[in-house]
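The primary structure of each chain is shown beneath.
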Amino acid sequence: TAPVQVQLVVPVAVVFSPGSVPGDLPRPLPFRDVQEMEISVNLRTSVTSRYEMVFRGTTAQEEAALAAATAREADAALHLLQDSSMGSLTMYVVPDTSFLLPQGISVYVGKHRSALVRAGGSLAALHARLQQVTQAMSFTATSIAAALSDRVPNGHLSPDARRNLKSSLGYEITFSLLNPDPKSHAVDWDIEDAVNRYVKPVVDKLSLVANFSVDSQILYYAVLGVTPRYDKESSSFLLSAHSLPHVINPVEARLGSSAASLYPVLNFLLYVPERSHSPLYIQDKDGAPVSTNAFHSPRWGGIMVYNVEAPASPQASLPLHVDVDMARVMGVFLAQLRLLFGLSREELPPEFLLESPGNEGLADWELDHLLWAHTVENIATVSTTLTSLAQLLDKIGNIVIKDDVASEVYRAVASVQSAVAKLAVGHLHSAFQASKEAVTSSERAFFDPSLLHLLYFPDDQKFAIYIPLFLPMAVPILLSLAKIVRETRQRKKEPTKMD
């Protein structure tokens, strides 16, 4: 793989409210400090994280905002006062006695780009806390390693690291309702309203990361590839965790969305089990029922089983009319969407309190988290693509490279250099845009039609095509030449007659 050297710079403002300044500060406020850390990927890829911290006291407006009754109100008021450029963070240090943070909570992470942090007494304790928060809100060594998973040696990555979707210029989200038993169930789902209400706010926020398209379909007589096991105790059918991987393949053959798509497709399936297999529950590895009755597959999507209550009287006319509770379904699908993008919140310590992002589905700092990872991944992808292109072109001696291909290569190189330079000064948004332009240019160059036919028409193929044409003609010519050579030799050997 091509060498990649990136420095990720995060501007952090650490703002001390009155009564929260540790006694052992090295110098009087305000002052600057820098924390650097090497993120190990492999020998040819070096990623350095650099937190450029400015320590200062609060302004009068910030003090007024911190006097709010709750942390949520304080966060909303502080948002209007802080630097909200992408990739930057603001940490407000509050005294240990502050009532803004509930009992047992040392850090409150807001829904924008700031956090409230308890002072913790000494500077060392505060530093440790700040390091945890700033990493959680920007990028961790794990998230960068996951973004560069193609370069990380096997065994050095946790299984979760390969769960995240690869960076792409676009994604297609497909919601599918599977009704295997339409004779028994007439299922009605208001997917259009649900998409507008629950999915659109999330997709609008993610539109900065990539282009999204959303569509839906209803599939009849589409069954899961696994027959569920009947459980007498609960009078229900069970799907165990180890059989879940076998569920997807037969269903995927019916979906048909990935065949015509340029971009990765995220599939979200709502499965209403047939009457003969109702109710159907999913079990986890320990045999306990899964509370959401759903499961997700990394980089693919998720499936939720939606059970229909049996009618009160056995004489009820079929098909039963089913109105799907879209709020419950979309809650599960949006949680799975967050998991696919690597935005799980489980790895944070219990003393962290995270504000719910509301109907937008993800906080501003979580969007930054995605941008950091995708920018690094795009830079690595472009360097690999251009290296592969150079190696291929070296192997083909008679190749002609057009000016437009060359200009795309130059543009890709310039955009990557720009992205690396922007990261080194902490301009995340412009770095991400430059990395996206680099990916587009490098792919245009790599898949240019003028190169494709040469790449797939090497010399050995030319021999395979031309030999059958020329060999039949060459045989009589070669035989005639051999005969002529023989005759000339014989003529030389015969002595000339002397009169």
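The name given to the protein chain in an unreviewed UniProt entry is PIGS transamidase, with the source organism recorded as Calyptomena viridis. The Subcellular location (unreviewed entry) field of the UniProt record for the protein chain holds the comment "Endoplasmic reticulum membrane".

### A look at the overall build of the protein chain
Tallying secondary structure elements over the protein chain gives 12 helices and 17 strands in all. Taking 2.2 N^0.38 as the reference for a compact globule, 499 residues should give roughly 23 Å; the C-alpha atoms of the protein chain span a radius of gyration of 32 Å, well beyond that estimate. Reported as C-alpha extents along the three principal axes, the dimensions of the protein chain are approximately 135 × 80 × 35 Å. A fraction of 75% describes how many contacts in the protein chain between residues 6 or more apart in sequence connect residues 24 or more apart. Of the roughly 25,900 Å² of accessible surface on the protein chain, a fraction of 57% belongs to carbon and sulfur atoms. For the protein chain, the distance from the average position of its 41 positive side-chain charges to the average position of its 51 negative side-chain charges is 11 Å.

### A word on the sheet that holds strand β9 (residues 211-220)
Whether parallel or antiparallel, the strands of a sheet pair through hydrogen bonds between backbone atoms. Taken in spatial order, the 5 strands line up as β9-β7-β12-β15-β14 in an open sheet, and their pairing is mixed. At either margin of the open sheet sits one strand with a lone partner, and together these are β9 and β14 (294-297). Taking each pair of neighbouring strands and ignoring which way they run, the sheet shows an average axis angle of 15°. Examined bridge by bridge, β14 and strand β15 (residues 301-305) share 4 bridges and lie antiparallel to one another. Note on β15: the bridge partner recorded for phenylalanine 295 is isoleucine 303. Across the sheet, helix α5 (residues 191-206) touches β7 (170-179) and β9, and the angle it forms with β9 is around 155°.

### A word on the packing of aromatic side chains
Counted under the stated rule, the structure contains 13 aromatic pairs. Considering the side-chain rings of tyrosine 171 and phenylalanine 341, the 5.2 Å spacing of their centres and the 80° angle between planes classify their relative orientation as edge-to-face. Taken together, the residues span a long stretch of sequence, with tyrosine 171 in strand β7 and phenylalanine 341 in the loop between α7 (326-340) and β17 (352-354) at a distance of 170 residues. Three or more aromatic residues link up through ring pairs in this structure, and these residues are Phe16, Phe31 and Phe55.

### Let's talk about the packing of helix α8 (residues 364-395) against helix α10 (residues 428-446)
Two numbers describe how α8 lies on α10: the axes approach to 9 Å, and their chain directions differ by 30°. As summarised for this structure, α8 and α10 are arranged roughly parallel, according to the angle between their axes. Relative to α10, α8 is oriented so that their crossing is left-handed. Split into classes, the residues belonging to the contact of α8 with α10 amount to 14 nonpolar, 7 polar and 2 charged.

### Points about a nonpolar patch on the surface
A cluster of nonpolar side chains, Ile465, Tyr466, Leu469, Phe470, Met473, Ile477, Leu478, Leu481 and Ile484, forms an exposed patch at the surface whose accessible area comes to about 940 Å². Tracing the backbone shows isoleucine 465 in helix α12 (residues 459-493).

### Quick look at the sheet that holds strand β10 (residues 229-231)
Here 3 strands make up an open sheet; going across it, the order is β10-β11-β13 and the pairing mixed. Each edge of the open sheet carries a strand with a single partner, namely β10 and β13 (280-282). For this sheet, the mean angle separating the axes of adjacent strands, direction not counted, is 40°. Examined bridge by bridge, β10 and strand β11 (residues 236-239) share 3 bridges and lie antiparallel to one another.

### Considering the pairing of strand β16 (residues 320-323)
Because side chains alternate across β16, one face comprises the buried residues Leu320 and Val322, and the other comprises His321 and Asp323, none of which is buried. One ladder, built from 4 bridges, connects strand β8 (residues 185-188) with β16; its direction is parallel. For valine 187, the partnering residue across the bridge sits in β16 and is valine 322.

### Focus on the domain arrangement of the protein chain
Partitioning the protein chain into domains gives domain 1 (170-341), domain 2 (367-452) and domain 3 (457-498). Taken over C-alpha atoms, the centre of domain 2 sits 52 Å from the centre of domain 3.

### Brief notes about the pattern of salt bridges
Counted according to the given criterion, the structure contains 14 salt bridges. Note that aspartate 364 is salt-bridged to lysine 205, the shortest N-O span being 2.6 Å. Placement of aspartate 364 in helix α8 and of lysine 205 in helix α5 is noted, with a sequence separation of 159 residues between them. Each member of the pair, aspartate 364 together with lysine 205, is buried. Of the charged contacts in the structure, one is a salt bridge between glutamate 366 and arginine 338, with a shortest N-O distance of 2.6 Å. Of this pair, glutamate 366 sits in helix α8 while arginine 338 sits in helix α7, and the two are 28 residues apart along the sequence. Note on glutamate 366: relative accessible area 3%, which makes it buried.

### A few points about a negative patch on the surface
A grouping of Asp188, Asp190, Glu192 and Asp323 is seen on the molecular surface, where their side chains present a negatively charged patch. One can find aspartate 188 in strand β8. Taking relative accessible area as the criterion, aspartate 188 reaches 40% and is therefore assigned partly exposed.

### Remarks on the packing of helix α9 (residues 403-424) against α10
At a closest axis distance of 8 Å, the pairing of α9 and α10 adopts a crossing angle of 160°. Classified by the angle between their axes, α9 and α10 sit roughly antiparallel to one another. Handedness of the α9/α10 crossing: left-handed. When α9 is examined against α10, the residues Val405, Glu408, Val409, Arg411, Ala412, Ser415, Val416, Ser418, Ala419, Lys422 and Leu423 are found in contact with a partner set consisting of Leu428, Ser430, Ala431, Ala434, Ser435, Glu437, Ala438, Ser441, Ser442, Arg444 and Ala445. Here the residues of the contact of α9 with α10 are counted per class, giving 11 nonpolar, 6 polar and 5 charged.

So, how was this worked out
Residues numbered from 1 in each chain as written. Predicted model: local features only at pLDDT ≥ 70, side-chain atom pairs only at ≥ 80, totals over all residues. Heavy atoms only, no water. UniProt positions renumbered as here; feature names shortened; annotations may be inferred. Helix = DSSP H or I, 4+ residues; strand = E, 2+ residues; numbered from the N terminus. Rg over C-alpha atoms; globule rule 2.2 N^0.38 Å. Contact = heavy atoms within 4.5 Å. Areas by Shrake-Rupley, 256 points an atom, 1.4 Å probe, with all protein chains shown as cover. Lys, Arg positive; Asp, Glu negative; His and termini not counted. Charge placed at Lys NZ, Arg CZ, Asp CG, Glu CD. Pairing = 2+ DSSP bridges. Axes fitted to C-alpha atoms, helices over the stretch in contact; angles between N-to-C directions. Phe/Tyr/Trp six-rings, centres within 6.5 Å; stacked < 30°, edge-to-face > 60°. Parallel < 35°, antiparallel > 145°, perpendicular 65-115°, else oblique. Left-handed = near helix turned anticlockwise from the far one by under 90°. Nonpolar A, V, L, I, M, F, W, Y, C, P; charged D, E, K, R; others polar. Patch = residues over 30% accessible without salt bridge, like charges linked within 9 Å, V, L, I, M, F, W, Y side chains within 5 Å. Salt bridge = Lys/Arg side-chain N within 4 Å of Asp/Glu carboxyl O. Buried < 20%, exposed > 50% of the residue type's maximum accessible area, 1.4 Å probe, protein only. Domains from an automatic or database assignment.

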